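# Working through the structure, step by step
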Amino acid sequence: MKKFGRYGGQFAPEVLMPALEELAGAYEQHKNDAKFVAELRHYSEDFGGRPTPLYHAKRLSEHLNKKVYLKREDLVHGGAHKLNNTIGQALLAKYMGKERIIAETGAGQHGTATAMAGAVLGLETVIYMGVKDMERQKMNVFRMKLLGAEVIPVSSGSQTLKDAINEALRDWVANVGDTYYLVGSIVGPHPYPTIVRDFQTVIGQETREQILGKEGRLPDSIVACAGGGSNAMGIFYPFLNDDVDLFAVEAGGEGLKKTEKVAYHSASLCAGEEGVLHGARTKILQNKYGQILESHSIAPGLDYSGVGPELARLVDTGRVKARNISDEDALDAFHVLSRLEGIVPALESAHAIAYVQKDDVGDLVVINLSGRGDKDVETVAGLK
Amino acid sequence: MMIREKFDELRGKKEGALIAYICAGDPIAEKTVEIVDALVKGGVDMIELGLPFSDPVADGATIQAAIDRALTSGMNPDKFFKLAGSMNVNVPLIVMTYYNLIFRRGIKRFVSDCKSAGISGIIVPDLPVEESEELHQFCRDAGVDLIFIVAPTTTEERMNLILDKASGFLYIVSRLGVTGVREDVADSTEGLLKRIKAPIPKAVGFGISKPEHVREILKAGADGVIVGSAFVNIIAKNEPEMLKSLENLATTLKSVTLNR
C-alpha cells in the first residue's frame, strides 16, 4: 500500500524511484522469510535486549491517581526504541547486498542506533547530523564515532533534522547503487513509512501480551510522544482495532505560534497543514507559500517539521488523538519521573508523561517510555 | 514562445539548445531581470527560472546557496509570477520548483499563473510520473509543458510511463547525484540518450559547465544542454562585471552549439 488515505506516496527524485521499487520488492521478499525473521529475532533479543519490560510505575501511579505502566523502550540497547528499526533495516540492507548504510539523525539516537547496527552487521556507516544538533548532543556524536561511523556535519538551513535529511537524500541520490538509506522514522517516500512501522510494531505486540498478562485486560489508553512518530505508530499499531484511546503527544514547544519562517513548536499533527515534504504527502509546518518552517522543541528528537503520513491519516480519521505539551511541562515531567521512579526519561518521552499528568486518560494507562534521558542531562543542567 | 517551437527553430538552423538555469531573486528580484537579459544577449535559447523552495533535496550546494539567497531577498511565488510576467524576452521561460509550492498554491492556480506570466514549461524534480496525474492534466488543458526528468537509473517500464506524459523536452540527468559543476560528463549519458527513441527533444543537465561538455553531449545525440551551477557561481560572486561575465559564458557555450 503506497498511500494512507490521501497521505504518503512517493514524491522523490526520478533517480531514486528504481531504488524505492527495489527496496519495496526486497522488503516484501524478506519480511516473512524464515531466515530473515530468525536472524532479526536473534539480534533484537540477544543484542538489543528485547523483550523490554512493561513496568508498573507504582509511585507515579500514586502521584497521578491512576494505574500507569511504562513500556521500557529506554532499556533497549542504545537507550531508545530506535534500534528496533535500525537493526531491522540494516539486516535488510545486508540481505539486499548493500555495503554502505547512511542515515540522518536529530537527537543522535537514530544515528547511534544506526551506528550500532552498522557495526554489528559489518556495514560502512555514514551519519548526517545538523551542526546545531551536534552541539546539543555531543555525547551521541562521540558515541557514533566510537562505533565506527562517520559523522558528517550539516551546516545548511536550520542545521537540524530536516537539513540532515536533505543531505542524506543527496548522498543517496549520488550513491544509490551500493548504498542503503536507513530512514529513522515513519516518514519519507513509500515503502519507508510501512517498513519502519513494521519494525517498531514489536513494541505494541509485546505491550499487548504483557498488559493482558498483568491486568487481564487492555489499557484504557496508550500515550506516546510523536515527532516523526515511529515509537507512537509502533506501540499503537497492534491496538488500532481495539477499544483503547491512542494519544500522540507532540512538542508544543513555546506555544503553537509561528512566523513566516519559524514555528515555535513541532506540532505538525495539531497545527500543521497538508503538504509534501521529504517524499510524502502529510501534515507539515509551512507558511502560506509552502515554505517549510523551522520547528522547535526542547527535545531534539521531536524537532521536525513533518510527521509520518500514516499517523496524519489516523488523526484525520479520529482513531489517534493528537495533543501537544510545552517545553516547560515536558521538563517538569522529566524531573517528576526521575524523582518518583528513579528513571531519567528522554525529553521526548517526557512529553508523553507530561500529558498523562495533565489530562484524563482513563484509569489504566500505558506510556511508551521511548528513550532514556542520559543524552539530555547536559541540556537540562544548562537550564538551571 | 513555446518550447517545441524553439527546438524546431534551432533544428532548422542546425543548432543545439543552450538552456540556462538561474534562481529568481538571487541576489534580488530586480537583478534577475538584468541577468536574464544578459543571458539572452549572450545567446541562451531558453531560461529555466528557479522558484526557490526551502528544502531543495535535488539540488547541490551551489544551487541551494542561490535558493537561500533568493529566499533571504524575499522571493516568493507571488513575486515570482509578477517578475516573470514583467520580463520582455523572446525565449521560452520554464519554471523549476518543488512540488510543495505548487500543491500549496493550488495546482490549477499555479498552472494558470504560469500561463498568465508567459511561462511555457514546468519542471518539478520531486514529482515522479506516478504522482503527476493532476498537474499533468491542468498543464495539458492550459497548454503548458510538463517537463519530466529521466535518469541513468530509469527503467524501460518507467521510461514508457514518462514518455507518455512528457511534453516540451525530456530533461536527462547526466549522472547520479545532485546539481553542481563537475569535471567530466558521464558515459552513461550517451547510453541513456540512445535508449530514448521517442521524437521528443532531449536536453541534458546536471554537471555541465564547459564547452567540451556541451560538445560531447550534443555529439552523443542530445538536442540541448542545461547549464545551471556555472552561471549561478558567477551570480554568487556578485561582482560589478557579473552581467558581462554571464553574457560571455553564455556566448562561449552557445558557440559550441552552432553548426551541428
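Please refer to the structure higher up on the page.
In this section: the overall build of chain B. Counting its secondary structure elements, chain B contains 12 helices and nine strands. Projected onto its principal axes, the C-alpha coordinates of chain B cover approximately 40 × 40 × 35 Å. Taking all 260 residues of chain B together, the buried fraction comes to 61%. At a minimum sequence separation of 6, the contacts of chain B that also span at least 24 residues come to 72%.

The next point concerns the nonpolar core. With 158 residues, the main nonpolar core has Trp172(A), Leu39(B), Ile122(B), Phe169(B) and Phe231(B) as its most contacted residues. Residues in contact with Trp172(A), not counting those within four places in the same chain, are Leu16(A), Ala19(A), Leu20(A), Ile102(A), Thr179(A), Tyr180(A), Tyr181(A) and Tyr192(A). Among the nonpolar cores identified, the runner-up in size contains 33 residues, and Ala251(A), Leu302(A), Val336(A) and Val380(A) belong to it.

A few words now on the interface of chain A and chain B. The partner chain B presents 35 residues to the 34 residues of chain A that form the contact. Across the chain A/chain B interface, buried area totals approximately 3000 Å², and carbon plus sulfur atoms make up 52% of it. Looking only at chain A, the three residues that lose the most surface to chain B are Glu14(A), Arg170(A) and Tyr289(A), adding up to 26% of its buried area. Here Arg158(B) and Glu21(A) are joined by a salt bridge, their closest N and O atoms 3.8 Å apart. Inspection of the region where chain A meets chain B yields 19 residue pairs in polar contact (both at pLDDT 80 or more). Counting only elements with at least two residues in the side of chain A that touches chain B, the list comes to helix H1 (17–30), helix H8 (161–174), strand S11 (273–277) and strand S12 (280–284) of chain A.

So, on to the packing of aromatic side chains. Within the structure shown, the criterion is met by 15 aromatic pairs over all chains. Taking 5.9 Å as the distance between ring centres and 75° as the angle between the ring planes, the aromatic pair formed by Tyr27(A) and Phe199(A) counts as edge-to-face. One end of the pair, Tyr27(A), is in helix H1; the other, Phe199(A), is in helix H9 (residues 192–215), and 172 residues separate them in sequence. Pairing Tyr99(B) with Phe103(B) gives two aromatic rings, centres 6.1 Å apart and planes at 50°, and the pair type is tilted.

Attention now goes to the state of the cysteines. Taken as a whole and judged by the stated rule, the model has zero disulfides over all chains. Looking at Cys270(A), it has no disulfide partner, and the nearest cysteine sulfur is the one in Cys225(A), 13 Å off. Accessibility expressed as a relative area gives 29% for Cys270(A), which makes it partly exposed. Looking at the unpaired Cys23(B), the closest cysteine sulfur is the one in Cys114(B), lying at 15 Å. The buried category is assigned to Cys23(B), whose relative accessible area is 1%.

Residue and element names in this part refer to chain A. Going from Arg 50 to Pro 51, the amide bond is cis rather than trans, its omega being -5°. The omega angle of the peptide bond from His 190 to Pro 191 is 10°, so this bond is cis rather than trans. The phi dihedral of His 278 is positive, around 50°, even though this residue is not glycine. On the secondary structure map, His 278 appears in the loop between S11 and S12.

Residue and element names in this part refer to chain B. The end-to-end C-alpha distance of helix H2 (residues 29–42), which contains 14 residues, comes to 20 Å, matching closely the 20 Å that a straight helix rising 1.5 Å per residue would cover. Three or more residues of H2 are buried, namely Thr 32, Ile 35, Val 36, Ala 38, Leu 39 and Gly 42. Down the axis, H2 shows its buried residues gathered within 165° of arc, on one side only. Across from the buried face of H2, at angles greater than 90 degrees, the exposed residues are Glu 30 and Lys 41. Where H2 is buried, its residues contact strand S1 (17–23), strand S2 (46–50), helix H4 (77–86), helix H11 (229–237) and helix H12 (242–257). After H2 finishes, the residue Gly 43 shows a positive phi value of roughly 115°.

Residues and elements named next belong to chain A. Taken together, six strands build an open sheet; the order of strands is S3-S4-S14-S9-S10-S13 and the sheet is mixed. Each end of this open sheet is capped by a strand with a single partner; those strands are strand S3 (54–56) and strand S13 (320–326). Between one strand axis and the next, the sheet turns through 25° on average, direction left out of account. Two elements, strand S4 (residues 67–72) and strand S14 (residues 364–369), share six bridges in a ladder whose sense is parallel. Note on S14: the bridge partner recorded for Lys 67 is Leu 364. Where helix H14 (residues 347–358) meets the sheet, it contacts strand S9 (221–225), strand S10 (245–253), S13 and S14, and its direction lies at approximately 140° from that of S9.

Next up on the list: the pattern of salt bridges. For the coordinates displayed, the defined rule picks out 48 salt bridges over all chains. Across the pair Asp329(A) and Lys358(A) runs a salt bridge whose closest N-O atoms are separated by 3.8 Å. With Asp329(A) in helix H13 (residues 327–341) and Lys358(A) in helix H14, the pair connects residues that are 29 residues apart, well separated along the chain. Taking the relative accessible area as the measure of exposure, Lys358(A) reaches 54% and is therefore exposed. With its nearest N and O atoms 3.5 Å apart, the salt bridge here joins Glu247(B) to Lys244(B). In this pair, Glu247(B) and Lys244(B) both sit in helix H12, three residues apart, roughly one turn of the helix. Overlapping salt bridges bring together Lys6(B), Glu9(B), Lys13(B), Glu15(B), Asp45(B) and Lys254(B) as one network.

Residues and elements named next belong to chain B. Note that Thr 257 resides in helix H12. Of the residues examined, Thr 257 reaches a relative accessible area of 0% and is grouped as buried. When near neighbours in sequence (up to four residues on either side) are disregarded, Thr 257 contacts Lys 14, Glu 15, Gly 16, Val 214 and Leu 218.

About the criteria used
Residues numbered from 1 in each chain as written. Chains lettered and ligands numbered in written order. Predicted model: local features only at pLDDT ≥ 70, side-chain atom pairs only at ≥ 80, totals over all residues. Heavy atoms only, no water. Helix = DSSP H or I, 4+ residues; strand = E, 2+ residues; numbered from the N terminus. Buried < 20%, exposed > 50% of the residue type's maximum accessible area, 1.4 Å probe, protein only. Contact = heavy atoms within 4.5 Å. Core = buried A, V, L, I, M, F, W, Y, C linked by side-chain atoms within 4.5 Å. Buried area = accessible area lost by both parts, 1.4 Å probe. Salt bridge = Lys/Arg side-chain N within 4 Å of Asp/Glu carboxyl O. Polar contact = N/O pair within 3.5 Å; in protein donor to acceptor, adjacent residues only side chain to side chain. Phe/Tyr/Trp six-rings, centres within 6.5 Å; stacked < 30°, edge-to-face > 60°. Disulfide = S-S within 2.5 Å. Expected span 1.5 Å × (residues − 1). Arc of directions from axis to C-beta. Pairing = 2+ DSSP bridges. Axes fitted to C-alpha atoms, helices over the stretch in contact; angles between N-to-C directions.

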